[in-house]
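# Understanding the architecture of this molecule
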Amino acid sequence: MKRIAIFFAEGYEEIEGLTVVDICRRCGLAIDMVSITEQKQVKGSHGILVEMDKTWSQADFAEYDMLVLPGGGDGTKNLEACQALMEQVDAFYASGKYVAAICAAPSILGHRGILKGRRACSYPGFESHLAGALVTKEPVEVDGNVITSRGMGTSIPFALAIAGVFCGRQKAEQMAEAIVYRESGEDRP
């Protein structure tokens with residue numbers, strides 16, 4: 001079974017992180033919520049305290065097929081300041097494993113040179129941090145082993161794209177239907 005790790009730092013955007021966890025688990029995927037510290041509880045940008053599955057030292061990176069970085073202003077800064085996490089992001093990317101980031105967090109991938117020549121998107125105003133990327137305003141971009149998304153409002157398509165990588169497009173579409181998710185622009189009753 002494929003396994004995903006999503007990393008939480010103080011100030012993360014709650015909806016961006018938890019939507020990925022929820023949808024992946026609904027699709028039957030194994031996803032660990034990992035604190036970048038040894039504290040099991042991490043407070044989001046809106047003061048919501050969430051209990052993680054693992055602390056940093058409990059994470060076994062050899063088990064994971066994808067690393068996910070949720071956004072949030074302070075959360076993104078705190079993720080990027082975690083050198084051990086940045087080393088893992090680089091190693092995953094270099095080995096062809098998936099890395100995914102949403103909102104401000106794609107800036108981390110840009111700073112690390114991961115987005116060069118790839119389609120990518122981010123929260124408005126962070127585009128200048130996507131060094132070398134072909135920047136779009138799509139809700140989600142999947143380019144090779146890199147997935148990026150724009151923000152809280154694109155959390156569902158971001159999570160569905162992640163699920164689709166491991167479960168297939170059909171399963172992701174079935175999940176979208178099951179949760180009554182509609183792409184913007186679809187006909188409305």
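Each chain carries its own residue numbering, running from 1 in the direction its sequence is written. Local features are withheld for residues below a pLDDT of 70 in this predicted model, meaning they are given only at 70 or higher, and side-chain atom pairs are given and counted only at 80 or more; totals for whole chains, interfaces and linings count all residues. In computing side-chain values, all of the structure's heavy atoms are included and hydrogens and water are not.

If you check an unreviewed UniProt entry, the protein chain appears there as DJ-1/PfpI family protein from Candidatus Acetatifactor stercoripullorum.

### Here we look at the overall build of the protein chain
Secondary structure follows DSSP: runs of H or I at least 4 residues long count as helices, runs of E at least 2 residues long count as strands, and numbering of each begins at the N terminus. Counting its secondary structure elements, the protein chain contains six helices and 10 strands. Between the two quantities, the radius of gyration covers C-alpha atoms and the globule rule is 2.2 Å times the number of residues to the power 0.38. A globule of 189 residues ought to have a C-alpha radius of gyration of about 16 Å, and the protein chain, at 15 Å, matches this closely. Seen through its principal axes, the protein chain has C-alpha atoms that stretch 50 × 35 × 35 Å. Residue burial is assigned from relative accessible area. The probe radius is 1.4 Å, only protein chains are included, and a residue is buried under 20% of its type maximum, exposed over 50%, and partly exposed in between. The buried share of the protein chain, taken over its 189 residues, is 51%.

### Some words on the side chain of Ser107
With respect to the element layout, Ser107 can be found in helix α4 (residues 106-111). In terms of polar contacts, Ser107 uses its side chain to reach the backbone carbonyl oxygen of Ala104, at 2.6 Å. Residues count as neighbours in contact if any of their non-hydrogen atoms are within 4.5 Å of one another. Discounting chain neighbours no more than four positions away, the residues touching Ser107 are Thr76, Phe126, His129 and Leu130. Each polar contact in these results corresponds to two N or O atoms within 3.5 Å; when the atoms are within protein, one needs to be able to donate a hydrogen and the other to accept it, and residues that are neighboring in sequence are counted only if both atoms are side-chain atoms.

### Topic: the layout of surface pockets
Estimates place the volume of the largest pocket at around 320 Å³. Residues are called lining when one of their atoms sits within 4 Å of a cavity or pocket point, these points coming from a 1 Å grid over the protein atoms alone, where a cavity is a set in which a 1.4 Å probe fits but cannot get out and a pocket is an open set with protein on both sides within 12 Å along at least five of seven lines. Surrounding the largest pocket, 14 residues form its lining, Pro157, Leu160, Ala161, Arg169 and Ala172 being those nearest its centre. If you list the elements that add at least two residues to the lining of the largest pocket, you get α5 (155-167) and α6 (169-178). Top element by residues in the lining of the largest pocket is α5. It accounts for five residues. Under the grouping applied here, Gly and all other residues not named as nonpolar or charged are polar, the nonpolar ones being Ala, Val, Leu, Ile, Met, Phe, Trp, Tyr, Cys and Pro and the charged ones Asp, Glu, Lys and Arg. Within the lining of the largest pocket, the residues separate by chemical class into nine nonpolar, two polar and three charged. Grid points are joined across faces, edges and corners, and a volume is the space filled by probe spheres set on the points.

### Some thoughts on the side chain of Arg118
When you line up the elements, Arg118 lands in the loop between α4 and β7 (119-120). When its relative accessible area of 14% is taken as the criterion, Arg118 is described as buried. In terms of polar contacts, Arg118 uses its side chain to reach the side chain of Tyr93, at 3.2 Å.

### A closer look at the packing of aromatic side chains
A pair of Phe, Tyr and Trp rings is counted when the ring centres sit within 6.5 Å of each other, with Trp represented by its six-membered ring. The angle between the planes then sorts it: under 30 degrees is stacked, over 60 is edge-to-face, the rest tilted. All told, the structure shown has seven aromatic pairs when counted by the stated rule. When the centroid spacing of 5.8 Å and the interplanar angle of 5 degrees are considered together, the rings of Phe7 and Phe61 count as stacked. With Phe7 in strand β1 (residues 3-8) and Phe61 in the loop between β4 (49-51) and β5 (66-69), this residue pair connects regions lying 54 residues apart in the sequence. On the basis of relative accessibility, which here comes to 0%, the residue Phe7 falls in the buried class. Taking relative accessible area as the criterion, Phe61 reaches 12% and is therefore assigned buried. Between Phe8 and Tyr12, the aromatic rings sit 4.7 Å apart at their centres with planes inclined by 90 degrees, giving edge-to-face as the arrangement. The exposure class of Phe8 is buried, given its relative accessible area of 0%. What makes Tyr12 buried here is its relative accessible area of 1%. Every member of this aromatic cluster is reached through a ring pair, and the members are Phe7, Trp56, Phe61 and Tyr64. Note on criteria: charge over ring means Lys NZ or Arg CZ within 6 Å of the ring centre, with the direction from the centre no more than 35 degrees off the ring normal. Directly above the aromatic system of Phe92 lies the positively charged group of Lys97, at a separation of 4.7 Å from the ring centroid.

### What to know about the pattern of salt bridges
Any Lys or Arg side-chain nitrogen located within 4 Å of an Asp or Glu carboxyl oxygen qualifies as a salt bridge. If you walk through the whole model with that rule in mind, you get 11 salt bridges. A salt bridge links Glu63 to Lys54; its shortest N-O distance comes to 3.8 Å. The salt bridge partner of Arg119 is Glu141, with a shortest N-O separation of 2.9 Å. Within this pair, whereas Arg119 is found in strand β7, its partner Glu141 is found in strand β9 (residues 140-143), the two being separated by 22 residues in sequence. Given a relative accessible area of 35%, Arg119 falls into the partly exposed group.

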